[in-house]
There are 2 protein chains.
Amino acid sequence: MLEVCLLGTGGMMPLPGRCLTSLMTRLNGSSLLIDCGEGTQVSIREKGWSVHDIDIICFTHYHGDHIGGLPGLLLSMGNADRTKPVVLIGPKGLIRVVEALRIIAPELPFALEFMEISGKEEVIRKNGYVIHAFRVSHNVTCYGYTLLVERTGRFDVERAKKNQIEMKYWNRLQKGETIELPDRTLTSSMVLGPKRKGIKVTYCTDTRPIITIEEQAKEADLFICEGMYGEKEKQQKAVEYKHMTFQEAAYLAKNANVQQLWLTHYSPSLVCPEQYMEEVRQIFPNAKAGKDRKSILLEFPKEE
Amino acid sequence: MLEVCLLGTGGMMPLPGRCLTSLMTRLNGSSLLIDCGEGTQVSIREKGWSVHDIDIICFTHYHGDHIGGLPGLLLSMGNADRTKPVVLIGPKGLIRVVEALRIIAPELPFALEFMEISGKEEVIRKNGYVIHAFRVSHNVTCYGYTLLVERTGRFDVERAKKNQIEMKYWNRLQKGETIELPDRTLTSSMVLGPKRKGIKVTYCTDTRPIITIEEQAKEADLFICEGMYGEKEKQQKAVEYKHMTFQEAAYLAKNANVQQLWLTHYSPSLVCPEQYMEEVRQIFPNAKAGKDRKSILLEFPKEE
């Protein structure tokens, strides 16, 4: 069960009633954050979630509206008596940028662990999250993120019997344990059927629409995508500034065949995103205009 | 006429509904800001004031809650097409701290002019503001600020005549001009009576109560002072962390004989500042618990 909260929906600058775009998820007590603009910590509190349990912070890129709130967040996590390390993930330059910003947060009661990514796609497994970072197309190096919560196969009695596994080991193997016996090694794959569909969320901001995004978002339960401009007339501006229109995001969602699309990262000039949604839904029906703290609980699909 | 807005009242961290402590003033189209924590630019917008005309930014010190919002503010001022230089004033370290934070705001369409202060008291005249920076007592070097709007003397016909000033020069001299004649130099002091009372605002946060503050705030129209703790029982904590209780701030106001006191920079643990105000008003009657965007218009005193 993955809890997802879109903490803000603004691009460029925070506005009254519109925080900067950022995503927070919670999975088995471990929270993950994507981007942390000025004011992100306020939105977390507004949602009623805690800054204490943020174990992983991913950055798409280092424009101010995506990282300006980091020093304040780290200070607040310190004030909340966090002592466990925090893993920071982002494109090259991560250490340089974060260490510069830490001029105002030099002393923290927890360590920072840096993971700089540079490939076209990188996969990081941490705290139950399988994080796919994938390079997108902005005017600086920028990454999107797919978060997967994997689901093991169903327990398969026939398989266990066929592999001659004693019943006393079944429960431990089902939970993923590997058991060393004097004569052989027992693994969970000996008692489990094929992997089942897990949970998938794909997130991308500050990019032109590219085929990689469609591939990454394929069949996602939730696709959160930037929509800098609602007005079709701003197509040229979107190209120039390497952003997207709502319509472009909708076509990505349609081609990736996702369950639902949330738009975010609105231009400050875009006062009422809702007014463009009818047109967007003609392209992709299950599209929503993201709002600050729009949330969803994603569960493993029910089985017959 | 000086417009004053207390943009926020929080200490340590921004909270929903409580921005970090910061002051903004407007005088003849020129805005001045004291401190700029995370979210300050949002509060400016909430107030309906513009970031474009901020000509001067003073910093008390460089703890994150007093400067974390600077890069975002500068970026937004750039987006608002500001091109005039901005003067930054603060204790030593100003250039080092601001340049580090500018890793996320490297390109701005206006220049930054730095004025590092190091004396016990320094006076800076700029855009009609007379700014007195005075060192206070925190766990790092920290300054308070007194803002004066001076008022010249009344035009004195007798004096002008006595100084044999021709009438055609009266208006220019009254406006402060100095006029070079072939045989002598005419100054405004030749036609004006003694200086009249101007407008005075004294602001200090992050300090123990010290005599300097009383001296600085003497007869101020408005004294804005930190009150980290409302509870008397937190006196020891105030001493330890180099902050003040409401009561201590009230005694400063009383001894300085100010017109009114606004408290600010509340601890996040202080949920309802108002509940301690009755006791505070027994010490200094015209004390108010500051609220986000509490504002006042200060005018030169009316004369008989």
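Rules used throughout
Residues numbered from 1 in each chain as written. Chains lettered and ligands numbered in written order. Predicted model: local features only at pLDDT ≥ 70, side-chain atom pairs only at ≥ 80, totals over all residues. Heavy atoms only, no water. Least-squares fit on C-alpha atoms with pLDDT ≥ 70 in both. Contact = heavy atoms within 4.5 Å. Pairing = 2+ DSSP bridges. Helix = DSSP H or I, 4+ residues; strand = E, 2+ residues; numbered from the N terminus. Axes fitted to C-alpha atoms, helices over the stretch in contact; angles between N-to-C directions. Parallel < 35°, antiparallel > 145°, perpendicular 65-115°, else oblique. Nonpolar A, V, L, I, M, F, W, Y, C, P; charged D, E, K, R; others polar.

Draft legend 1. A look at the relation of the copies chain A and chain B. If you rotate chain A by 180 degrees and push it 0.0 Å along the axis, it lands on chain B with an RMSD of 0.1 Å. Expressed as an axis order, the relation between the two copies is that of a two-fold axis. A share of 100% of interface residues in chain A that are also interface residues in chain B marks the association as one of identical surfaces.

Draft legend 2. View of the sheet that holds strand E4 (residues 54-58) of chain A. Residues and elements named next belong to chain A. What the seven strands build is an open sheet, ordered E6-E5-E4-E3-E2-E1-E16; its pairing is mixed. Looking at which strands have only one partner, the edges of the open sheet turn out to be strand E6 (112-117) and strand E16 (294-298). Shown here is a sheet whose adjacent strand axes are inclined to one another by a mean of 15 degrees, direction ignored. Bridging between strand E1 (residues 2-8) and strand E2 (residues 22-27) involves five bridges; their strand directions are antiparallel. Paired with Val 4 across the two strands is Thr 25, which belongs to E2. Strands in contact with helix H1 (residues 40-47) are E1, E2, strand E3 (30-34), E4 and E16; relative to E1, the strand with the most contacts, it is inclined by about 130 degrees. Relative to the sheet, helix H3 (residues 70-79) contacts E3, E4, strand E5 (86-91) and E6, its axis offset from that of E4 by approximately 170 degrees.

Draft legend 3. Focus on the packing of helix H1 (residues 40-47) of chain B against helix H3 (residues 70-79) of chain B. All names here are of chain B. Contact geometry of H1 with H3 gives a least axis separation of 8 Å together with a crossing angle of 50 degrees. The angle between the axes of H1 and H3 places the two elements in the oblique class. Here Gln 41, Ile 44 and Arg 45 of H1 come into contact with H3, specifically with Gly 72, Leu 73 and Ser 76. The residue makeup of the contact of H1 with H3, split by class, is two nonpolar, three polar and one charged.

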